[in-house]
Amino acid sequence: DGGITQSPKYLFRKEGQNVTLSCEQNLNHDAMYWYRQDPGQGLRLIYYSQIVNDFQKGDIAEGYSVSREKKESFPLTVTSAQKNPTAFYLCASSKRGGDTEAFFGQGTRLTVV
Amino acid sequence: AQSVTQPDIHITVSEGASLELRCNYSYGATPYLFWYVQSPGQGLQLLLKYFSGDTLVQGIKGFEAEFKRSQSSFNLRKPSVHWSDAAEYFCAVGVNQGGKLIFGQGTELSVKP
C-alpha cells in the first residue's frame, strides 16, 4: 500500500545531541513537508521541499536541518541549537500545485531527557 | 497575515446529536481549505477539502463543510455524532502548495454516551 512511513515512533535524546527523524514516501509525490505539533498550537511548518535537491524554510526552521537527496526521502535533523525540541513531528507529502491535498505520516514523538 | 482560527478549543456533544465545528480564515486570495482529523498519537487524516465550485463539500465519515466567502468561514458539520468521532479536528488553509498549510489550533471533540 502507498503511504508515508515515519520512524521511529518514539525517540529520546539527551540535551546537546543531534537526532535525525526519518520520513519515506512511496506515493511518487514531488513535495514533502515537516511539521511540528505542540499542544494547543496546531501544526507549524518547519521545512518543505518541492523537488529533489531543493528545500525551503518554513515558519520555525531555526535549530532544524533537512536534506532531499531522493524523491522518496526527506529526513529531518533536530540539532542541539533547537532550544525546545520536545514535540510531536509529522511528515507529509503532496503532489505539486495548490489544488491537491497532503498525506501525513503517523508521526514521531521526540522527548529530550 | 494569513491565519486560521478555530474558536472552540474543546467541545462535548452527546452521541446522536448534531455537530458544528467553526473555522475562520484570513487569506488574500481564493483559499484552498481542508479539514483533518487526528486520533491521539496518530497522524492526520483528511476529512474533506474545498478547492473551487460547489461551496458545500462532502467528506468521509458523514462529514460536510460549507465555504462562505462573505464570512471567511469553512465550518464542519455532521448530523449525528458517533462515539468513534471523538478526536481532534484541524482546519487548514493551503498556501500555493497542497501540503504547505496554515493550521488552526485545533478543536478537541468529546462524545458523551
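Summarised in this report is the structure supplied together with it.

Conventions used here
- Numbers given to residues run from 1 along each chain, matching the order in which its sequence is written.
- Each chain is given a letter, starting from A, and each ligand a number, starting from 1, according to the order in which they appear as written.
- Under the rules for a predicted model, residues below a pLDDT of 70 receive no local features and side-chain atom pairs below 80 are neither given nor counted, while totals for whole chains, interfaces and linings still include all residues.
- Note that the side-chain values use all heavy atoms of the structure and ignore hydrogens as well as water.
- Burial classes follow relative accessibility: with a 1.4 Å probe on protein chains only, a residue under 20% of its type's maximum area counts as buried, one over 50% as exposed, and anything between as partly exposed.
- Strands are runs of DSSP state E lasting at least two residues, helices are runs of H or I lasting at least four, and both sets are numbered from the N terminus onward.
- In this analysis, strands are considered paired if DSSP registers two or more bridges between them.
- Note on geometry: axes are C-alpha line fits, over the in-contact stretch for helices, and angles between N-to-C directions span 0 to 180 degrees.
- Note on definitions: salt bridges are taken to be side-chain nitrogens of Lys or Arg within 4 Å of carboxyl oxygens of Asp or Glu.

1. Description of the pairing of strand β10 (residues 87–95) of chain B
Residue and element names in this part refer to chain B.
Argument step 1. Counting buried residues in β10 gives 8 out of 9 residues, a clear majority hidden from the surface.
Argument step 2. Alignment of strand β5 (residues 32–38) against β10, held across 7 bridges, turns out to be antiparallel. Across the sheet, the residue bridging to Tyr32 is Gly94, located in β10.
Argument step 3. Bridge count for β10 against strand β12 (residues 107–112) is 3 bridges, and the pairing is antiparallel. Bridge assignment links Ala87 to a residue of β12, and that residue is Leu109.

2. Some details on the sheet that holds strand β7 (residues 64–66) of chain A
Residue and element names in this part refer to chain A.
Argument step 1. Taken in spatial order, the 4 strands line up as β1-β3-β8-β7 in an open sheet, and their pairing is antiparallel. The outermost strands of the open sheet, each flanked by one partner alone, are β1 (4–7) and β7. Geometrically, the sheet is characterised by an average inter-axis angle of 20° between neighbouring strands, direction not taken into account.
Argument step 2. Of the strand pairs in this sheet, β1 and strand β3 (residues 19–25) are connected by 4 bridges, and their pairing is antiparallel.

3. As for the pattern of salt bridges
Argument step 1. Inspection of every chain in the model, using the stated rule, returns 8 salt bridges over all chains.
Argument step 2. Residue B:Arg22 pairs with B:Asp8 through a salt bridge whose shortest N-O separation is 2.9 Å. Here B:Arg22, found in the loop between β3 (19–21) and β4 (24–26), pairs with B:Asp8, found in the loop between β1 (3–5) and β2 (10–14); they are 14 residues apart in sequence, far enough to count as distant.
Argument step 3. Between B:Asp85 and B:Lys78 there is a salt bridge whose closest N-O contact spans 2.8 Å. B:Lys78 matches B:Asp85 in its accessibility class, with the two residues each being buried.
Argument step 4. A single network of salt bridges, built from pairs that share partners, joins A:Arg36, A:Asp38 and A:Arg44.

4. Section: unusual backbone geometry
Residue and element names in this part refer to chain A.
Argument step 1. Omega for the bond connecting Ser7 with Pro8 falls within 30 degrees of zero, at -10°, which places this linkage in the cis form.
Argument step 2. Relative to the assigned elements, Pro8 resides in the loop between β1 and β2 (10–13).
Argument step 3. Of note, Asn28 is a non-glycine position whose phi angle comes to about 60°, a positive value.
Argument step 4. Here Asn28 lies in the loop between β3 and β4 (31–37).
Argument step 5. In this structure Asn28 comes out as exposed when scored by relative accessible area, which is 58%.

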